[in-house]
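Letter by letter, the chains look like this.
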Amino acid sequence: MSRSGVAIVGGGPAGLYLSILLRMSQPDLEVTVFERNSSQDAYGFGVVFSDETIDHFEKADPESYEAMARAFRRWGEIKVRHPEGRELVSGGHGFSAISRRTLLEILTDRAKGLGVDLHFSTEVSDSGDFRWADVVVAADGANSLLRRQLASHLRPSVEPARNKYIWFGTPKVFDEFNFIFEDTAAGMVWAHIYPYGDEGSTFIVEMPPETWAALGFDATVADESTTGLSDERALRGCEEIFAAHLEGSPLRGNNSRWLQFPTVACERWHHGNVVLMGDAVHTAHFSVGSGTKLAMEDAIALARLLVSEPDHETAFEQYEENRRPEVESLQRAARASRSWFEGADRYRGMPPEQFVFSMLTRSQRITYDNLRLRDPVYMAAVDSWYASSEHRSPYPVGPEVPPMFHPFVMRGMVLPNRIVVSPMDQYSASDGVPNEWHLVHLGSRAVGGAGLVMTEMTCVSPEGRISPGCTGLWNEDQAAAFARIVDFVHDHTSSRIGLQIGHSGRKGSTKFMWEGDSDPLDVGNWEIMAPSPIRYRPDSQVPREMTDTDMDRVRDEHVVSARLGAGVGFDMLELHFAHGYLLSSFLTPLANQRGDRYGGSLENRMRYPLEVFAAVREAWPDDRPISVRISATDWVDGGFDGDDAVVFAQALKELGCDLIDVSTGQTTIEAAPEYGRLYQTPYSDRIRNEVGIATMTVGAVSSIDDVHNILVAGRADLCLLARPHIVDPYWTLNAAIDLAYTGHAFPDQYLAGLGSRRREQDPIAPDVFRRPNRP
């Protein structure tokens, strides 16, 4: 590709590395770098890379890699100090760190040697300053001037993190990655520490804003106009908090001030002849240590495409297309990691083993299975702790039992394992009566080994159905049909079966899902009700606003269904207060705009759902548990959110709720869910650990590793799986085979197919797990 030149704005690691790679590929290409700081400036202390990342550097430019490798300090351990003082170490991680100053010197020398034109102490005011260049690369950091100038085209977003942090160094050389959590009178404070050479370590201090203010750090913020100066009072305060770990070594500042980390993202990464890379276009929270990594990998990808593609427009498009998925994946991991630290105080009471495991797996990039490969000794200790911990197991189990096969007790119900078949609407009933389809659907999954199978939302009245094909439980015919299913599960499997009941509200009178999700019926509609006369969709019916009489009747209908379900023999009852159905609609201000005692404040909006729960709890047998499914967020600004969910879960707990089934969304068509693996689990985690109530998590839980991650980290007590059970009703039995676990009950009728895997009876297990599998 013929070009008159490339102008790179920003002489940090990414800008310098790009200039090196371009000149290596095209020695006659004019490459100029403009950096606002002098060549002697190097804000920050160390830069850390994973082993995978430095492999990329070795392939891209062996010469600069060799210089970096000679300066790297390498280690493989992460040490975490629990607030109570215990230290746990996990190995096998593989890190390399280098002084930021040394890295810049290596890249600067390499760039000079290749003939890059370097301009330090040079301010850039506009991309128009580079009319001579075919390509302008904005590598000018998270506060990118060029990004701001092109904002209308790039459509950037900058999301500040909640926590406060400050970046120091120390001459003390720590041996490995350290996370030190200290309890103070004002709350928990912690440090992220890693060595970067023989001269010292990076030392980042982080805390919630409430703790920061209570410790008086809000009065020590330095004047941002004094570039290069550090917040000395903050430095001395942090030295005092971590004095025992610094062992007499000081903290050192380098333009160190209290900050809130900005997560930068852009809808487009380029405009015209300007392309962004590194922190200018995306950032990832420092707790995953990936800012410089991402930037230098951007440089590798962009350099290759600028050389190989016929024009810069094609190169830019390919660069964004190739890099965006990896960047967004890492940003999701970084967001999960950041969120863990933002909620770290909720984990203070965890045992050290669980606290550390939760922290290590916070981003989902390190998992239960992954840790077992990295450090089998560490994970053997985790398994031993989990087997001996108090986690609602009705009897002792050994560390050889996989976490998903630990039993679970709640009131008088005992489950043989932690797997639950999620409620799945089948739209196959007639007049609310379940039939052979439901028997096979639920029965096969119980035979398949799940600890608990849940019915679809079973409606409390004809008017409360979603569609004409919904199951119901308002009469004896329906009860008799359900009894056949319940008896099958009890007589032929070790599973338990739960009944979910609810009322469709403004989402009722619609077609079967395969005919059009939430589409109104063409004929045969019935009147629908809601807290307020607000349609679910523009083409939906307008619901009638419920009167006090309506609310009394619907409450009583829930009670009737509960009593019928108890008589049938269901082991657990769940009330459906999620997904925009009737009781869910009371909770969200997007659907509830009443002016009476049931609308307005969160306290008022919770009132009717809590009244229904209280009436049902009184009617349901005391020795059987009740769960409530909630949408823990509407995924809409101004809607029901995670804070509201915690308050509501606390109120339910006080009324005798045993379990919160934590889902999200489906309350409004305006929702913008942040989909991804285990995307709803953080809401379960928060409710479980802030409210102190058992939870079930649901949503993109698909693997054995996912389940083990969730359980051992204390993010939920039970795991609901829907789609995996659709394609494999025997998911749990297959998991036992995959894990070579012989302690799970296989149906006698299927033992011949297992050969040598015939079940070994557990002599400790109570008789409940020896229920005969044939009449």
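Treat the numbers as computed from the prediction; the structure is a model and nothing was measured.

About the criteria used
Within each chain, residue numbers correspond to sequence positions counted from 1 in written order. pLDDT decides what is reported in this predicted model: residues at 70 or higher carry local features, side-chain atom pairs at 80 or more are listed and counted, and totals for whole chains, interfaces and linings draw on all residues regardless. Only hydrogens and water are set aside; all other atoms, that is, all heavy atoms of the structure, feed into the side-chain values. Each cavity reported here is a set of points on a 1 Å grid over the protein atoms alone in which a 1.4 Å probe fits but cannot get out, each pocket an open set with protein on both sides within 12 Å along at least five of seven lines, and each lining residue one with an atom within 4 Å of a point. Grid points are joined across faces, edges and corners, and a volume is the space filled by probe spheres set on the points. Polar here means any residue outside two lists: the nonpolar Ala, Val, Leu, Ile, Met, Phe, Trp, Tyr, Cys and Pro, and the charged Asp, Glu, Lys and Arg; Gly therefore counts as polar. We call a set of buried Ala, Val, Leu, Ile, Met, Phe, Trp, Tyr and Cys residues a nonpolar core when their side-chain atoms join them within 4.5 Å. In this scheme, a residue with accessible area under 20% of its type's maximum is buried, one over 50% is exposed, and one in between is partly exposed, where area comes from a 1.4 Å probe on protein chains only. By definition in these notes, contact holds between two residues if any of their heavy atoms fall within 4.5 Å. Only one rule defines a salt bridge in this text: a Lys or Arg side-chain nitrogen within 4 Å of an Asp or Glu carboxyl oxygen. Where helices and strands are cited, they refer to DSSP runs of H or I of at least four residues and of E of at least two residues respectively, numbered from the N terminus. Ring pairs shown here join Phe, Tyr and Trp side chains whose ring centres sit within 6.5 Å, with only the six-membered ring taken for Trp; geometry is labelled stacked below 30 degrees between planes, edge-to-face above 60, and tilted in between. By definition, being over a ring means that NZ of Lys or CZ of Arg is both within 6 Å of the ring centre and within 35 degrees of the ring normal. Two cysteine sulfur atoms form a disulfide, by the criterion used here, when they sit within 2.5 Å. At least two bridges found by DSSP between two strands is the condition for calling them paired. Only the contacting stretch of a helix is used when fitting its axis, a line to C-alpha atoms as for every element, and angles between N-to-C directions run 0 to 180 degrees. Every patch collects residues that have over 30% relative accessible area and no salt bridge, joining them within 9 Å if they carry like charges and within 5 Å if they are nonpolar side chains (Val, Leu, Ile, Met, Phe, Trp, Tyr). The accessible surface values rely on the Shrake-Rupley method and a 1.4 Å probe; as for residues, cover is taken only from the protein chains in view. A residue counts as positive if it is Lys or Arg and as negative if it is Asp or Glu; His and the chain ends are not included. Throughout, a charge is located at the NZ atom of Lys, the CZ atom of Arg, the CG atom of Asp or the CD atom of Glu. Angles are sorted into four bins: roughly parallel if under 35 degrees, roughly antiparallel if over 145, roughly perpendicular if 65 to 115, and oblique for all others. One less than the residue count of a helix, multiplied by 1.5 Å, gives the span that helix is expected to have.

Here the focus is empty space enclosed by the protein. Tallied over the entire structure, the rule returns seven cavities of 30 Å³ or more. The space that makes up the second largest cavity amounts to roughly 100 Å³. Lining the second largest cavity are 14 residues, and of these A446, G449, T493, S494 and A745 lie nearest its centre. For the lining of the second largest cavity, a count of residues per class yields seven nonpolar, seven polar and no charged.

Counting 119 residues, the largest nonpolar core has F181 and I687 as its most contacted members. What I687 contacts, discounting residues up to four positions off in sequence, is I630, A645, V646, A649, I660, V662, G692, I693 and T695.

Here we take up the pattern of salt bridges. When their charged atoms lie close together, side chains carrying opposite charge are able to pair. In total, this model carries 48 salt bridges according to the counting rule given. The salt bridge involving E210 is made with R162; its shortest N-O contact spans 2.0 Å. Taken together, the positions of E210 in helix α7 (residues 209–214) and R162 in the loop between β10 (156–160) and β11 (164–170) put the pair 48 residues apart, joining distant regions of the chain. Within this structure, K293, E297, D298, R323 and E326 form a network of salt bridges that share partners.

Take the packing of aromatic side chains next. One pass over the structure, following the stated rule, counts 43 aromatic pairs. Seen from their ring centres, Y165 and F261 are 6.5 Å apart, and the 45° between their planes marks the pair as tilted. Of this pair, Y165 sits in strand β11 while F261 is found in the loop between α9 (243–246) and β15 (262–266), placing the two residues 96 residues apart along the sequence. F261 shares its class with Y165; the two are buried. Among the aromatic residues, ring-to-ring pairing joins W75, F95, F177, F179, F181, W190, Y194, W340, F341, Y347 and F355 into one connected group. Sitting above the plane of the F174 ring, K172 keeps its charged end 4.4 Å from the centroid.

Once that is clear, we can look at the state of the cysteines. Taken as a whole, this structure holds zero disulfides when the rule is applied. Of all cysteine sulfurs, the one in C459 lies closest to C470, which takes part in no disulfide; the gap is 4.5 Å. Left without a disulfide partner, C719 is nearest to the cysteine sulfur of C657, which lies 18 Å away.

A word on unusual backbone geometry. For R392, which is not glycine, the phi torsion reads 65° and is therefore positive. With a relative accessible area of 32%, R392 lands in the partly exposed category.

Turning to the sheet that holds strand β16 (residues 270–271), a few remarks are in order. Taken in spatial order, the six strands make up an open sheet running β8-β2-β1-β9-β17-β16, and their pairing is mixed. Edge strands, defined here as strands with exactly one partner in the open sheet, are β8 (117–119) and β16. Packing of helix α11 (residues 312–342) onto the sheet brings it into contact with β9 (135–138), β16 and β17 (274–276), and relative to β17 it is tilted by some 15°.

Glancing now at the pairing of β11. For β11, the tally of buried residues reaches six of seven residues, placing the bulk of the element in the interior. Note: β11 against strand β14 (residues 200–207), seven bridges, orientation antiparallel. Note that in β14 the partner of T170 across the bridge is S201.

What follows concerns the sheet that holds strand β28 (residues 694–697). The sheet built from eight strands closes into a barrel, its strands ordered β20-β21-β22-β25-β26-β27-β28-β29 with parallel pairing. Ignoring which end each strand starts from, the neighbouring axes of this sheet average 25° apart. Here two bridges tie strand β20 (residues 419–421) to strand β21 (residues 452–459), and the two strands are oriented parallel to one another. The residue of β21 that forms the bridge with V420 is L452. Contacting β20, β21 and β22 (496–502), helix α15 (residues 436–447) crosses the sheet at an angle of about 155° to β21. The strands touched by helix α19 (residues 602–619) are β25 (572–577) and β26 (626–631); relative to β25, the strand with the most contacts, the crossing angle is about 165°.

Turning our attention to a negative patch on the surface. Side chains of D51, E52, D55, E58 and E66 sit close together on the surface and give a patch of like negative charge. The biggest single contributor to the negative patch is helix α2 (residues 51–60), with four residues. With respect to the helices, strands and loops of the structure, E66 is situated in helix α3 (residues 62–71).

Attention now moves to the pairing of strand β6 (residues 87–90). Only one face of β6 is covered, namely the face carrying L88 and S90; the face carrying E87 and V89 is uncovered. One ladder, built from four bridges, connects strand β5 (residues 78–81) with β6; its direction is antiparallel. Counted as the bridge partner of I78 is S90 from β6.

Right, let's get into the packing of α2 against α3. Relative orientation of the contacting elements α2 and α3 amounts to 135°, with a least axis distance of 6 Å. Relative to α3, the element α2 lies oblique. Residues I54, F57, E58, K59 and A60 of α2 form the contact with α3, whose participating residues are P62, Y65 and M68.

Once that is clear, we can look at helix α17 (residues 548–568). Taking 1.5 Å of rise per residue, 21 residues should cover 30 Å, and α17 covers 31 Å from first to last C-alpha, within 8% of that figure. Turning to α17, its buried residues number three or more, namely D550, M551, V554, E557, H558, V559, S561, A562, L564, G565, A566 and V568. Taken from the residues just after α17, G569 is the one with a positive phi, measuring 110°.

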